[in-house]
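The primary structure of each chain is shown beneath.
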Amino acid sequence: MKQYLKLIVLTLFAGSFAAEHAYASIASGEIWRDDRGVHINAHGGGILRHKNTYYWFGEHKIEGKAGNRAHVGVHVYSSKNLQDWSDCGIALNVSNDPKSEITKGCILERPKVVFNEKTRKFVMWFHLEHKDAKPQPYSTARSAVAVADEVTGPYTFLHSLRGTPENWPINFPEEMRNQFDVKDDYYHGSASWEEKAETHQRGLAVNTCFHEGQMSRDQTVFVDDDGTAYHIAASEHNATLHIRELNESYTGYTGKYIRIFPGRYHEAPAVFKREGKYYLISSGCTGWAPNAARSAVADDIMGEWTELGNPCVGINPGNNMGPEKTFGAQSTFVLPVTGKKDAYIAMFDIWSPGNAIDGRYVWLPIEFADEGFYVPWKSAWSISSFEDMEN
Ligand code: DGJ
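What comes next is a walk through the structure. Counting from 1, residues in each chain are numbered in the order their sequence is written. The model is predicted, so local features are restricted to residues of pLDDT at least 70 and side-chain atom pairs to those at 80 or more, both for listing and for counting; the totals for chains, interfaces and linings are taken over all residues. Only hydrogens and water are set aside; all other atoms, that is, all heavy atoms of the structure, feed into the side-chain values.

Things to note about the pattern of salt bridges
Put simply, a salt bridge is a Lys or Arg side-chain nitrogen that is within 4 Å of an Asp or Glu carboxyl oxygen. Applying the stated criterion to the full structure yields 21 salt bridges. The closest approach of N and O atoms between lysine 273 and aspartate 224, which form a salt bridge, is 2.8 Å. A residue pair is termed long-range when its members are at least 10 positions apart, and lysine 273 in strand β14 (residues 267–274) and aspartate 224 in the loop between β10 (219–223) and β11 (229–235) qualify at 49 residues. Throughout, exposure labels follow a simple rule: accessible area from a 1.4 Å probe, protein chains only, divided by the maximum for the residue type, with under 20% read as buried, over 50% as exposed, and the rest as partly exposed. Residue classification places aspartate 224 among the buried positions, given a relative accessible area of 8%. Ionic pairing is found between arginine 360 and aspartate 358, a salt bridge with its closest N-O pair at 3.0 Å. Numbered from the N terminus, helices here are DSSP runs of H or I no shorter than four residues, and strands are runs of E no shorter than two.

Have a look at this one:
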């Protein structure tokens, strides 16, 4: 009885909160409340549009430094207008079983969900570090897949994987293959960043991980117009991005993959397509601390990719950070807005590693120019500022 009363009170409160607090704008960097009045807890997230509704999936963080690890799972919210979000609960729960790969206390980052038209399944990819990863907390460097029949879940953990063992990247020249016999502890030793970058350009990790499979850390998934999906992940000790074609069910790889920007240390990849061209927003590699955003363009997702530079413009008055620190944030996803003309939202996270649950979101509309695109700072803007698509 008590439980029912609690539910009724919560529902009434949530209803009145939602009615009184409809958002007139996207207020980047601020507390962003859901229909229950609670700051949205979906970090490193991505959005899937399904049946006229947007679903925002992201890392559920808890308070304190402990929140940098997964104690709950992946949270999902829904919205019709991209400004007002309803809490749909936990889409993927971490496990209480200490033997599970996604046991409580593992690191589960940057979840992205796509829908597979053929299997009618929702497929979630995320970056996984086992709870007991050794020698470093980020040594697992695997991707993991969970599937569901309903968009909000529950998602069931399927497997974790490395980028196709025993396969060379298609753009990795013959003469660079089978070249190295260097132990992995090289990376935790005294080599400078420049030395490491140079060695990565020559494909050291591709060789050392050839049998076990290529690493994956920061990641995203992109589904092309023809239904082919791609996994884009920071590999080779974060030195090089890999773009890997997914199989028909989107739950594994075909084995076809490329490496891009070897030794450039891109993290936080977000890929989108506009007028036949593929674009990438990413970051440099400085842990939780912000750095300068990067961007790139390609005519074919499998390359050649060309770097374009930092797309950010302006200053975030909330922290006085500009392009050199990506407004204090780091990219996570780019959302094309359905029904709106040339409307793409660049989504970023302002991390709060000391109190992870307090991480904030920065959402900005992308502006296009002949030579590429820009992401100008806007303190408050509305989705209605996008022009409607002509029918
Ligand atoms: C930067 C990544 O983009 C985040 O997802 C997270 O892995 C942190 N590094 C951890 O330091």
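That shown, we press on.
Some points on the pairing of strand β5 (residues 86–93)
The pairing criterion for strands is at least two bridges between them, as found by DSSP. Across five bridges, the pairing between strand β4 (residues 73–79) and β5 is antiparallel. Counted as the bridge partner of valine 74 is leucine 92 from β5. In this structure, the hairpin formed by β4 and β5 is closed by a connection of six residues, where leucine 82 is found at a positive phi of approximately 70°.

Overview of the site of the ligand
Around the ligand sit Glu109, Arg110, Tyr138, Asp218, Glu267, Gly287, Trp288 and Gln330, and that is every residue in its neighbourhood. Side-chain polar atom of arginine 110 to an oxygen atom of the ligand: 2.8 Å apart, as the coordinates give it. Pairing of N or O atoms within 3.5 Å defines a polar contact, subject to two protein rules: one partner must be a possible hydrogen donor and the other a possible acceptor, and residues neighboring in sequence count only if both atoms are side-chain atoms. Between the ligand and glycine 287, the relevant distance is 3.3 Å, taken from a nitrogen atom to a main-chain nitrogen or oxygen of the residue. Here the Shrake-Rupley method, with its probe set to 1.4 Å, supplies the accessible areas, and only the displayed protein chains count as covering residues. Surface burial for the ligand is 91%, taken as the share of its 290 Å² of free accessible area covered by protein chains. Its residues assigned to classes, the shell around the ligand comprises two nonpolar, two polar and four charged. Note on terminology: near, applied to a residue and a molecule or strand, indicates that one of the residue's heavy atoms is within 4 Å of it. Only Asp, Glu, Lys and Arg are considered charged in this grouping, and only Ala, Val, Leu, Ile, Met, Phe, Trp, Tyr, Cys and Pro are considered nonpolar; every other residue, Gly among them, is considered polar.

Let's talk about unusual backbone geometry
Across the junction of lysine 134 and proline 135, the peptide omega takes the value 5°, indicating a cis bond. The omega torsion of the bond from glycine 153 to proline 154 falls at 5°, within 30 degrees of zero and hence cis. Positive phi, close to 50°, is recorded for alanine 141, a residue that is not glycine. Secondary-structure assignment places alanine 141 in the loop between β7 (121–129) and β8 (142–148). One non-glycine residue, tyrosine 250, adopts positive backbone phi at about 65°.

What to know about the nonpolar core
We call a set of buried Ala, Val, Leu, Ile, Met, Phe, Trp, Tyr and Cys residues a nonpolar core when their side-chain atoms join them within 4.5 Å. One finds Ile47, Trp56, Leu82, Trp85, Ile345 and Trp363 to be the most contacted residues of the largest nonpolar core, which totals 41 residues. Contributing elements (two or more residues each) for this core: β3 (53–59), β14, β15 (277–283), β19 (330–336), β20 (344–350), β21 (360–365) and β23 (372–376). Look past the residues within four positions of tryptophan 85 in its chain and what remains in contact with it is Trp32, Asp34, Asp35, Ile40, Ile47, Tyr54, Tyr55, Trp56, Tyr77, Ser78, Ser79 and Trp363. Core analysis: the second largest hydrophobic core is formed by 23 residues, Leu48, Cys106, Met124 and Val151 among them. Only heavy atoms matter for contacts: two residues are in contact if any of them lie within 4.5 Å across the pair.

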